[in-house]
Amino acid sequence: MSRLIIVSNRVAPISEGGPAAGGLAVGVYDALKETGGMWFGWSGEVLSSTPPHIDVVERGPVTFATIGLVRRDYDQYYRGFSNATLWPAFHYRADLIQYDRHDFEGYCRVNAWLAQQLVPLLREDDVIWVHDYHLIPFAQALRAAGVKNRLGFFLHIPFPAPQVLLSVPPHRALVEALCSFDLLGFQTVPDLRAFCEYVVHEAGGQVEAGADKAPTLVHAFGRTLRAQAYPIGVYPDEIAQLAKAGTRGKPARTMKATLHERKLIMSVDRLDYSKGLVERFRAFERLLDQVPAYRNHVSFVQIAPPTRADMHAYQDIRLRLESESGRINGRFAELDWTPIRYIHRQYERQVLAALFRQSHVGYVTPLRDGMNLVAKEYVSAQDPDDPGVLVLSRFAGAAQELTGALIVNPIDIDGMADALAQGLAMPLAERRARYRDMIAQLRENNVSVWRDNFLRDLKDGEGTAKRRAPRAKAAAKRVEA
Ligand SMILES: O=P(O)(O)OC[C@H]1O[C@H](O[C@H]2O[C@H](CO)[C@@H](O)[C@H](O)[C@H]2O)[C@H](O)[C@@H](O)[C@@H]1O
Ligand SMILES: O=c1ccn([C@@H]2O[C@H](COP(=O)(O)OP(=O)(O)O)[C@@H](O)[C@H]2O)c(=O)[nH]1
């Protein structure tokens, strides 16, 4: 059996059980610990001068091969092009895009360098699965180094509409680089469709919809590759167990004691401007304005651990959120009640799962999000006999599957306040019906299914990339939603 090699910028913390650094690390680790294999990526260290070397650690069936970045590479590749250019562009925040040609050069240089570090670790029949926007040029770099293995890529964040992507100056070079992979995976059908639109309308390529759920064939830049939507999942039953066990722990007991029978609204997000936190706080304020009966009868807990805290846009969102929570608490707080408990630190998944289970509403309202695993974890953690209600942004990838949630537009403050009121008052029978619908979907498309579908298509496609593109006048078929 061929070995699975995962390549991503962020690698899960090597000691299991600790708080996770984001959804990619959580999802990929869950997927890899069953199959075993090697996980290659950044160690999270920024080195001042020493030339980085690969650290190899075995943990059960998984070999972690991690490497540090020198300061200049971290600045240009991670803080610069990945997170100041691609992240805002792919999350539809054209107003926040910063672009520096030197950062793009650094991004390509680091991709080439990482690829060179990986090559000596590879075997001939390894299957290589590359993850996320930091590593778009990775296939080109591996091919240039002579690697012939199957190469797949999964994008964890949204793929933007072509008009938005055009604001990234090297957009064409990026899409050409993506087309060096054999298989491209997206979180949702709208992301796949946006990619195909770029291929057809901006790159002069062609796409052919695959029959019966098979991947779409993409002909572009002289290559043929395949592309498909593979929504990442969770292990719902494992999370339910964690949640049940966690309710006996100290954090959950403290939460219960300090709530004094009040209803609980729970949110958990990295403190990222894509998560819609300011709008969410204002919608909670609107609820208190419009339904005075909820004052002192409902508490909103927002856990928002720091992320990318050395970047201006992230310092800015932190200040805005601190100011909003201070303002709203100043307006409504009483001697025995603080309406918003805003907590700027990370918690372990077991603690989060237990808090989800204790809450009446899971409040997940990103402005844009590739998937949003928190939404899936929230539903998984519920007590089937007395489940909470999920209020979910239509712009989270998860909204494509979790149709039993109350779906909201995250910039519609009144609409979100209405959904909170509806969720808090929802009768048990309706809560159960919505929960049953969503948990069935989560079980059907768990993280193993995500991994297995992607790897099946990556292996099945052997030979596709070598096929020639069809003649130019063959009609391009658009991918249907
Ligand atoms: O590595 P960081 O810069 O600290 O950021 C954390 C991760 O954020 C993003 O996560 C995404 O992946 C999730 C799982 O597929 C998905 O649910 C979520 O919508 C995405 O935002 C990012 O894509 C990862 O590369 C980062 O590691
Ligand atoms: O304090 C925290 C906050 C978040 N998470 C985990 O980090 C992941 C966040 O993934 P999501 O897809 O929701 O968003 P991302 O941060 O990747 O954009 C989820 O598994 C959370 O349970 C965690 O373990 N501790």
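Check the entry above for the structure.
These figures come from a predicted structure and were not determined experimentally.

Chemist: Any chance you could explain the overall build of the protein chain here in plain terms?
Modeler: Summing up its helical and strand segments, the protein chain has 16 helices and 16 strands in all. Its C-alpha radius of gyration of 23 Å places the protein chain within 12% of the 23 Å reference for a compact globule of 481 residues. Evaluated residue by residue, the protein chain yields a buried proportion of 57% over its 481 residues. The long-range share in the protein chain, meaning contacts at least 24 apart out of those at least 6 apart in sequence, stands at 76%. Averaged over its 59 positive side-chain charges, the protein chain has a centre that lies 1 Å from the centre of its 55 negative ones.

Chemist: For this particular structure, what's the right way to read the packing of helix 13 (residues 373–380) against helix 15 (residues 428–444)?
Modeler: Helix-helix packing is characterised by the crossing angle of the two axes and by the distance between the axes. Relative orientation of the contacting elements helix 13 and helix 15 amounts to 120 degrees, with a least axis distance of 10 Å. Taken as axis vectors, helix 13 and helix 15 run oblique relative to one another. The handedness of the crossing between helix 13 and helix 15 comes out as left-handed. Residues K376, V379 and S380 of helix 13 lie in contact with helix 15, whose contacting residues are Y435, M438, I439 and L442. Of the residues belonging to the contact of helix 13 with helix 15, the class tally is five nonpolar, one polar and one charged.

Chemist: Help me out: how do you make sense of the packing of helix 9 (residues 250–259) against helix 12 (residues 349–358) in this one?
Modeler: Running from N to C, helix 9 and helix 12 cross one another at 30 degrees; their axes reach a closest spacing of 9 Å. Classified by the angle between their axes, helix 9 and helix 12 sit roughly parallel to one another. Crossing handedness for the pair helix 9 and helix 12: right-handed. Where helix 9 abuts helix 12, its residues P251, A252, M255 and K256 lie against V351, A354, L355 and Q358. For the contact of helix 9 with helix 12, the residue count by class is six nonpolar, one polar and one charged.

Chemist: How should the sheet that holds strand 8 (residues 206–208) be read in this particular structure?
Modeler: The pairing of strands in a sheet comes from backbone hydrogen bonds and takes either a parallel or an antiparallel form. Reading across from one edge, 3-4-2-1-5-6-7-10-9-8 is the order of the ten strands in this open sheet, with mixed pairing throughout. Both edges of this open sheet fall to strand 3 (55–59) and strand 8, since each of them pairs with a single strand only. The average angle at which neighbouring strand axes cross in this sheet is 25 degrees, direction not considered. Each of strand 7 (183–186), strand 8, strand 9 (216–220) and strand 10 (223–229) touches helix 7 (residues 189–201); the most contacted strand, strand 9, lies at about 30 degrees to it.

Chemist: Could you clarify how one ought to interpret unusual backbone geometry in this entry?
Modeler: In terms of backbone geometry, most residues other than glycine have negative phi values and most peptide bonds are trans. Of note, the phi angle at Y92 is positive, near 65 degrees, even though the residue is not glycine. Positive phi outside glycine occurs at H260, with the angle close to 50 degrees. If you trace the backbone, H260 turns up in the loop between helix 9 and strand 11 (263–268). Overall, H260 belongs to the exposed group, its relative accessible area being 58%.

What counts, and where the lines are drawn
- Residues numbered from 1 in each chain as written.
- Chains lettered and ligands numbered in written order.
- Predicted model: local features only at pLDDT ≥ 70, side-chain atom pairs only at ≥ 80, totals over all residues.
- Heavy atoms only, no water.
- Helix = DSSP H or I, 4+ residues; strand = E, 2+ residues; numbered from the N terminus.
- Rg over C-alpha atoms; globule rule 2.2 N^0.38 Å.
- Buried < 20%, exposed > 50% of the residue type's maximum accessible area, 1.4 Å probe, protein only.
- Contact = heavy atoms within 4.5 Å.
- Lys, Arg positive; Asp, Glu negative; His and termini not counted.
- Charge placed at Lys NZ, Arg CZ, Asp CG, Glu CD.
- Axes fitted to C-alpha atoms, helices over the stretch in contact; angles between N-to-C directions.
- Parallel < 35°, antiparallel > 145°, perpendicular 65-115°, else oblique.
- Left-handed = near helix turned anticlockwise from the far one by under 90°.
- Nonpolar A, V, L, I, M, F, W, Y, C, P; charged D, E, K, R; others polar.
- Pairing = 2+ DSSP bridges.

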